[in-house]
Amino acid sequence: MNAQLIKAAQAGDQESITAVLYGAHSHVRRFAEHLCASPQDAEDAAQEALIILYRKIGSLRATGALASWMFRIVRNECLRRGRVLFERHDETEAGLATSAEDEVIRRLEAELVAQAIQELPDVQRRVLIMRDVLGYPGRSVAEALGLSNAAMKSQLHRARNRLRLSLAGMTGPAEGPHDPGTISA
């Protein structure tokens, strides 16, 4: 994007702001589609980023920082939406934490799961979140992502396996059948 256009937008020129927003939308949307769980969340995150850009472009210090600033806003919005999903899921679980220690452990586990999901390849992450977190029917997930039903199932299977292995690696090796008190030769 043109540095003069960005400077004019920072100065409050409405035509320049409109041009900057228009020019940024497709890039922001494409980035959001890679990070968010669903196409709806991606569009919402992109719109939120553009609203923030509109409101705060005057506070942007360096014109060259616009792209990284926008992508950081989108990333944070996608992460926020993911956390809201997990928190909503946690609230619906029966029973509350019985102690502060239980609450800390529960939050730590949720963060580990969110981190492991974020590290999945794009298609696997989307399929997993849409199917297992949001509860969309398999056929709807396949259609929304432009996959065949078989491909969607394959990606879901791979995502679940990767997630399982990733979480097993984060929590350390499982205790084997040996007695931890004995020393083997």
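Residues numbered from 1 in each chain as written. Predicted model: local features only at pLDDT ≥ 70, side-chain atom pairs only at ≥ 80, totals over all residues. Heavy atoms only, no water.

Chemist: Outline the overall build of the protein, supporting the account with residue identities and numerical values.
Modeler: Tallying secondary structure elements over the protein gives 8 helices and 0 strands in all. In the protein, the succession of α and β elements from N to C terminus is α-α-α-α-α-α-α-α. Expressed as a percentage of contacts within the protein between residues at least 6 apart in sequence, the contacts between residues at least 24 apart total 61%. Carbon and sulfur atoms provide 54% of the accessible area of the protein, an area that totals close to 11,900 Å². (Helix = DSSP H or I, 4+ residues; strand = E, 2+ residues; numbered from the N terminus. Contact = heavy atoms within 4.5 Å. Areas by Shrake-Rupley, 256 points an atom, 1.4 Å probe, with all protein chains shown as cover.)

Chemist: Let's hear about the packing of helix H6 (residues 122-133) against helix H7 (residues 138-145): which residues, and what values?
Modeler: Across the interface, H6 lies against H7 with an axial gap of 9 Å and an inter-helix angle of 145°. Crossing hand, H6 versus H7: right-handed. Contacts between H6 and H7 involve Arg 126, Val 127, Met 130 and Arg 131 from the first element and Gly 138, Val 141, Ala 144 and Leu 145 from the second. (Axes fitted to C-alpha atoms, helices over the stretch in contact; angles between N-to-C directions. Left-handed = near helix turned anticlockwise from the far one by under 90°.)

Chemist: Break down the confidence of the model for the protein for me, citing the residues and quoting the values.
Modeler: A residue-level look at the protein finds 77% of positions with pLDDT of 70 or above and a mean pLDDT of 77. The low-confidence segment residues 173-185 (pLDDT under 50) makes 1 contact with residues lying over four places distant or belonging to another chain. (pLDDT = per-residue confidence, 0-100.)

Chemist: I'd like to hear about the environment of Ala 42, residue by residue, with values.
Modeler: Note on placement: Ala 42 falls in helix H3 (residues 39-56). Ignoring sequence-local partners within four residues, the contact set of Ala 42 consists of Arg 29, Ala 32, Glu 33 and Cys 36.

Chemist: Which residues make up the nonpolar core, and what values go with them?
Modeler: Counting residues in each nonpolar core, the largest one holds 24 residues, and the members touching the most others are Val 20, Val 28, Leu 53, Leu 66, Met 70 and Cys 78. Only helix H1 (3-10), helix H2 (14-35), H3 and helix H4 (66-92) provide two or more residues apiece to this core. With 7 residues, H2 is the largest single contributor of residues to this core. Grouped together as the second largest cluster of nonpolar side chains are 15 residues, Ala 116, Leu 128, Ile 129 and Leu 163 included. (Core = buried A, V, L, I, M, F, W, Y, C linked by side-chain atoms within 4.5 Å. Buried < 20%, exposed > 50% of the residue type's maximum accessible area, 1.4 Å probe, protein only.)

Chemist: Got a sec to walk through the pattern of salt bridges? Specific residues and values, please.
Modeler: Across all of its chains, the model carries 5 salt bridges by this definition. The closest approach of N and O atoms between Glu 33 and Arg 29, which form a salt bridge, is 2.8 Å. In this pair, Glu 33 and Arg 29 are both assigned in helix H2, 4 residues apart and thus about one turn of the helix distant. For Glu 43, the salt bridge identified is with Arg 29, shortest N-O distance 2.0 Å. (Salt bridge = Lys/Arg side-chain N within 4 Å of Asp/Glu carboxyl O.)

Chemist: Can you explain the environment of Pro 121? Please cite residues and give values.
Modeler: Tracing the backbone shows Pro 121 in the loop between helix H5 (100-118) and H6. Under the relative-accessibility criterion, Pro 121 is labelled partly exposed at 31%. When the C-alpha positions of Pro 121 and Arg 162 are compared, they lie 9.7 Å apart, and in sequence the two are 41 residues distant.

Chemist: Mind laying out the side chain of Glu 77, listing which residues take part and the relevant values?
Modeler: Positionally, Glu 77 belongs in helix H4. A polar atom in the side chain of Glu 77 sits 2.7 Å from the side chain of Arg 80. Those residues within four positions of Glu 77 in sequence are excluded, and the remaining contacts are Ala 45 and Glu 48. (Polar contact = N/O pair within 3.5 Å; in protein donor to acceptor, adjacent residues only side chain to side chain.)

Chemist: Help me get a handle on the environment of Lys 7, residues and values and all.
Modeler: Within the fold, Lys 7 resides in helix H1. Of the residues examined, Lys 7 reaches a relative accessible area of 53% and is grouped as exposed. For the pair Lys 7 and Ile 17, spaced 10 residues apart in sequence, the C-alpha separation works out to 9.6 Å.

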